[in-house]
Every structure is written in C-alpha cells, then in structure tokens.
Amino acid sequence: MDIENLDRNNLVYLAKLAEQAERFDEMVNCMKQVVKNAEDALTVEERNLLSVAYKNIVGSLRSSWRIIRAVGSKNEGMVDHTNEYIAKIETELDGVCQEAIALIDEFIFPKLDNESDAESLVFYHKMKGDYYRYLSEYKSGDERKEVSEASSKSYNESKDISKKYLLSTHPIRLGLILNYSVFLYEIVGNGEEACELAQNAFDDAIAGLDDLSENSYKDSTVIMQLLRDNLTLWTADMKTAEENE
C-alpha cells in the first residue's frame with residue numbers, strides 16, 4: 001500500500017482500519033507517516049493510535065522472546081539454534097524500540113510546549129521509559145546499563161512533569177507510576193523503592209478520589225488496583241526472600 005502521498009485524515013483512518021484487522025505493522029507505518037508529516041502536535045486519538053501500534057508489535061516480540069527462551073532451555077541439544085532464534089528476535093526488538101524512541105525525540109518533542117502540552121509530555125516521556133525498559137530486559141553489561149539509565153531518566157522526567165501538572169488520580173500519571181515501579185522492581189532490583197513509589201501513588205490517588213472525573217474513573221481505578229496487586233505480590237516476595245536468607 002502506497003501511503004506516502006495520503007493526507008493526515010486518510011492515514012489515521014487506515015491506521016484504525018489496520019488496528020481492527022490486527023495488521024499492526026501497517027498500523028505502525030501509517031502512524032509513522034502521520035508523525036513525520038504533522039505540522040503540529042498529535043491529537044489524543046493520534047497519540048493513542050501510535051502507542052497501540054508500537055505496543056502490539058513489541059508485545060508480540062517480547063512474548064516470542066520469552067517463549068523461545070523457556071522452550072529452548074529444555075532442549076540442550078539445540079542450544080545453538082535456540083540462541084540464533086533469540087538473537088533474531090532481539091535484533092527485531094532493537095529496531096522497533098529504537099525507532100519508536102527516535103520518532104518521539106525527532107518529530108514529537110519539538111512540537112510540544114512545556115505547559116500547555118504537559119499531559120502529552122508525561123505520556124511520551126513514559127513511552128520512552130517503557131521502550132528503554134523493554135531493551136533492558138534482554139541487554140547485558142554496558143548496553144544494559146546504558147538503556148536502564150535512559151529508562152530511569154525518561155521515567156523521572158515524566159514523573160516530575162506529572163507531579164507539577166496532573167492530578168494524582170490522572171490515569172496517565174498513575175500508569176506512569178505503575179510502569180516505573182515495575183522497572184524498579186524487575187530491572188533495577190530495588191523492591192523497597194518500587195513499593196514506596198507505588199504505595200505513595202496509591203495513597204495520593206485515594207486521597208484525591210473526590211477530584212476524579214467521571215470520564216477517568218474506570219481507567220484510574222483499574223490502574224490503582226494493579227498498583228495494589230503489585231504491592232501485595234512484591235511485599236510477599238520480599239518477605240519470603242528475607243525469611244530464606
């Protein structure tokens with residue numbers, strides 16, 4: 001499909017069509033063209049379409065990576081073939097994650113204003129943090145350190161802006177803390193900091209429930225429950241680890 005000469009409305013329409021058909025590679029291509037051609041900031045709908053497109057591509061690759069590692073570990077005689085397959089998927093993950101990050105840095109951030117576009121800034125810094133986190137899941141050595149530090153930096157930038165401009169119950173702010181705390185727990189290995197971050201966000205959201213809009217209620221409360229679930233799981237795991245020491 002030749003999409004280079006299509007206008008913004010047609011590209012968005014095709015992206016939504018591709019989403020319904022679960023043709024996420026084509027959805028990504030349409031939204032990349034929207035991002036590169038747009039003279040102003042993306043709308044909320046366009047922003048979400050971009051996120052969904054990349055999230056589905058990366059989600060499928062991460063799932064494949066985990067499955068092949070798990071199955072391959074049970075077949076010692078096929079280690080070389082398994083490792084080649086894992087390396088192939090990691091190369092694909094590298095490409096998709098770095099592409100998403102570059103789009104944000106090169107085409108999206110320059111069109112945003114610090115105050116009037118605060119919600120979008122929180123969203124995109126979080127998105128960058130997520131994609132650096134995905135890279136951290138399989139990198140090692142200096143490469144892992146580099147992408148982990150980049151993930152932490154992006155999450156912190158998103159957190160600082162969200163605390164200044166977004167309500168404690170805002171679903172984007174809560175989603176940021178959910179993902180950042182997962183990063184701290186799973187990638188950094190700092191359970192105490194992850195729990196403190198998640199607990200503080202949960203408590204702040206509970207205190208701000210009276211300010212929660214009807215439109216955001218479902219999204220916010222779902223994320224709050226996920227924070228609560230993670231806290232329960234992590235606290236139990238850390239307690240068990242302490243008892244076994």
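The structure presented is a predicted model; accordingly, all values stated were derived computationally and were not measured.

Calculation rules
Residues numbered from 1 in each chain as written. Predicted model: local features only at pLDDT ≥ 70, side-chain atom pairs only at ≥ 80, totals over all residues. Heavy atoms only, no water. Helix = DSSP H or I, 4+ residues; strand = E, 2+ residues; numbered from the N terminus. Rg over C-alpha atoms; globule rule 2.2 N^0.38 Å. Buried < 20%, exposed > 50% of the residue type's maximum accessible area, 1.4 Å probe, protein only. Contact = heavy atoms within 4.5 Å. Areas by Shrake-Rupley, 256 points an atom, 1.4 Å probe, with all protein chains shown as cover. Lys, Arg positive; Asp, Glu negative; His and termini not counted. Charge placed at Lys NZ, Arg CZ, Asp CG, Glu CD. Core = buried A, V, L, I, M, F, W, Y, C linked by side-chain atoms within 4.5 Å. Patch = residues over 30% accessible without salt bridge, like charges linked within 9 Å, V, L, I, M, F, W, Y side chains within 5 Å. Salt bridge = Lys/Arg side-chain N within 4 Å of Asp/Glu carboxyl O. Axes fitted to C-alpha atoms, helices over the stretch in contact; angles between N-to-C directions. Parallel < 35°, antiparallel > 145°, perpendicular 65-115°, else oblique. Left-handed = near helix turned anticlockwise from the far one by under 90°. Nonpolar A, V, L, I, M, F, W, Y, C, P; charged D, E, K, R; others polar. Expected span 1.5 Å × (residues − 1).

**Overview of the overall build of the chain**
Along the chain, the regular secondary structure elements total nine helices and zero strands. Beginning at the N terminus, the succession of helices and strands in the chain can be written as α-α-α-α-α-α-α-α-α. Taking 18 Å as the expected radius of gyration for a compact globule of 245 residues, we find that the chain reaches 19 Å, a close match to that expectation. Across its three principal directions, the C-alpha atoms of the chain cover 60 × 55 × 30 Å. The buried share of the chain, taken over its 245 residues, is 46%. For the chain, long-range pairs separated by at least 24 residues make up 69% of all intrachain contacts whose partners lie at least 6 apart in sequence. Surface exposure of the chain reaches about 13,900 Å², of which carbon and sulfur atoms provide 46%. Here the chain holds 27 positive side-chain charges and 47 negative ones, and the gap between their average locations is 1 Å.

**Concerning the nonpolar core**
Among soluble globular proteins, nonpolar side chains are generally buried collectively. If you look at the biggest cluster of nonpolar residues, it comprises 74 residues, and the most contacted ones within it are Leu42, Leu50, Tyr54, Ile108, Tyr124 and Tyr131. Setting aside residues no more than four positions away along its own chain, leucine 50 makes contact with Met31, Val35, Leu42, Leu103, Ile108, Tyr124 and Met127.

**Things to note about a negative patch on the surface**
On the surface, a cluster of negative charge is made up of Glu192, Glu193, Glu196, Glu242 and Glu243. Looking at the negative patch, the elements that each hand over two or more residues are helix 8 (191-207) and helix 9 (217-244).

**Digging into the packing of helix 1 (residues 8-20) against helix 2 (residues 24-37)**
It is the contact of helix 1 with helix 2, at a shortest axis distance of 8 Å, that shows an interaxial angle of 160 degrees. As judged from the angle between their axes, helix 1 and helix 2 are roughly antiparallel. For the element pair helix 1 and helix 2, the recorded crossing hand is left-handed. Contacts between helix 1 and helix 2 involve Arg8, Leu11, Val12, Leu14, Ala15, Ala18 and Glu19 from the first element and Phe24, Glu26, Met27, Cys30, Met31, Gln33, Val34 and Asn37 from the second. Its residues placed into classes, the contact of helix 1 with helix 2 shows 10 nonpolar, two polar and three charged.

**Describing the pattern of salt bridges**
The tally for this structure, following the rule as stated, stands at 12 salt bridges. Aspartate 40 serves as the salt-bridge partner of arginine 8, at 2.7 Å between the closest nitrogen and oxygen. Within this pair, whereas arginine 8 is found in helix 1, its partner aspartate 40 is found in the loop between helix 2 and helix 3 (44-72), the two being separated by 32 residues in sequence. When its relative accessible area of 26% is taken as the criterion, arginine 8 is described as partly exposed. The partly exposed category is assigned to aspartate 40, whose relative accessible area is 44%. Residue arginine 23 pairs with glutamate 26 through a salt bridge whose shortest N-O separation is 2.6 Å.

**A closer look at helix 4 (residues 79-108)**
Between its terminal C-alpha atoms helix 4 stretches 42 Å, which fits the 44 Å expected from 30 residues at 1.5 Å a residue. Listing the buried residues of helix 4 in full gives Thr82, Ile86, Ile89, Glu90, Leu93, Val96, Cys97, Ala100, Ile101, Leu103, Ile104 and Ile108. Contacts made by the buried residues of helix 4 are with helix 2, helix 3 and helix 5 (118-136).

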